[in-house]
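# A look at the structure
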Amino acid sequence: MLHADLHLGPYVRFFGQLKSGLENGRTGGPRPADEDKLDVNQAFLDGVLGFGDHTSLTLRGGRQKWPMALLASSRSGSPNVRQSFDGLRMILNAGAWRVDGFVTRPVETNPGYFDDGPDQARAFWGGYAVRPFPILPKGNIDLYYLGLRREEAEFDQGTARELRHSVGTRLWAGHSVGLQLRICLPMG
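Residues numbered from 1 in each chain as written. Predicted model: local features only at pLDDT ≥ 70, side-chain atom pairs only at ≥ 80, totals over all residues. Heavy atoms only, no water.

## Structural notes on the nonpolar core
In terms of nonpolar packing, the biggest core is built from seven residues, these being Trp66, Phe85, Phe102, Phe124, Tyr128, Tyr144 and Leu146. Counting only elements with at least two residues in this core, the list comes to strand 8 (122-132) and strand 9 (139-155). Sequence-distant contacts of Phe102, that is, excluding residues within four places in its chain, are made with Trp66, Leu88, Arg89, Phe124, Trp125, Gly126, Gly127 and Leu146. (Core = buried A, V, L, I, M, F, W, Y, C linked by side-chain atoms within 4.5 Å. Buried < 20%, exposed > 50% of the residue type's maximum accessible area, 1.4 Å probe, protein only. Helix = DSSP H or I, 4+ residues; strand = E, 2+ residues; numbered from the N terminus. Contact = heavy atoms within 4.5 Å.)

This is the structure in structure tokens:
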């Protein structure tokens, strides 16, 4: 991967990143998440609004990565080509809180040159909030809601529309101790 990160003062940022994933020697050839000769991995524009000393709002539009993307990705194991998403993201930093909200479409990986595009049959949206949790030493709490819609989801019984909502929380301290509760509500 090759990237460029351009900051035009404290309020405007452009980030661009190319990716190339090649596979050689797999019996049966590359799977869809194994090969992408050359494409855009990330290309987004940030605009930052400041509201006093401890509050800012970042609006991000374009192709980007999303850490909670495992719910929206059909990739398992260790794919050679990572999932990207086209969409909008809002990042609010207010005092001890950081809140992310987003509306995206997963990007389909095609094996050629600059041929990846958004998957119109899937949508991924939600919100994620984190703040210190002083009851635990070096503790933090995460709260999240994630939504996923797939128009042509494959199930044992056949193909159908899927609408999934996940809500959860995670308590964690430092880098290694944590407890997570996740409730997944398939609907539709």
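Now that the structure has been shown, the text picks up again.
## Remarks on the pattern of salt bridges
Taken as a whole and assessed by the stated rule, the structure comprises 15 salt bridges. Where Asp86 meets Arg63, a salt bridge forms, and the shortest distance between an N and an O atom there is 2.7 Å. Of this pair, Asp86 sits in strand 5 (residues 85-94) while Arg63 sits in strand 4 (residues 55-64), and the two are 23 residues apart along the sequence. Here Arg161 makes a salt bridge to Glu151, at a shortest N to O gap of 3.5 Å. Note that Arg161 is positioned in strand 10 (residues 158-173) and Glu151 in strand 9, a separation of ten residues in sequence. (Salt bridge = Lys/Arg side-chain N within 4 Å of Asp/Glu carboxyl O.)

## Quick word on the packing of aromatic side chains
Scanning the model with the defined rule gives four aromatic pairs in all. Between Phe102 and Phe124, the ring centres sit 5.0 Å apart and the planes meet at 55 degrees, which makes this aromatic pair tilted. Note that Phe102 is positioned in strand 6 (residues 97-108) and Phe124 in strand 8, a separation of 22 residues in sequence. Across the pair, Phe124 and Phe102 agree in class, each one buried. With 5.6 Å between their ring centres and 5 degrees between their planes, Tyr128 and Tyr144 make a pair best called stacked. (Phe/Tyr/Trp six-rings, centres within 6.5 Å; stacked < 30°, edge-to-face > 60°.)

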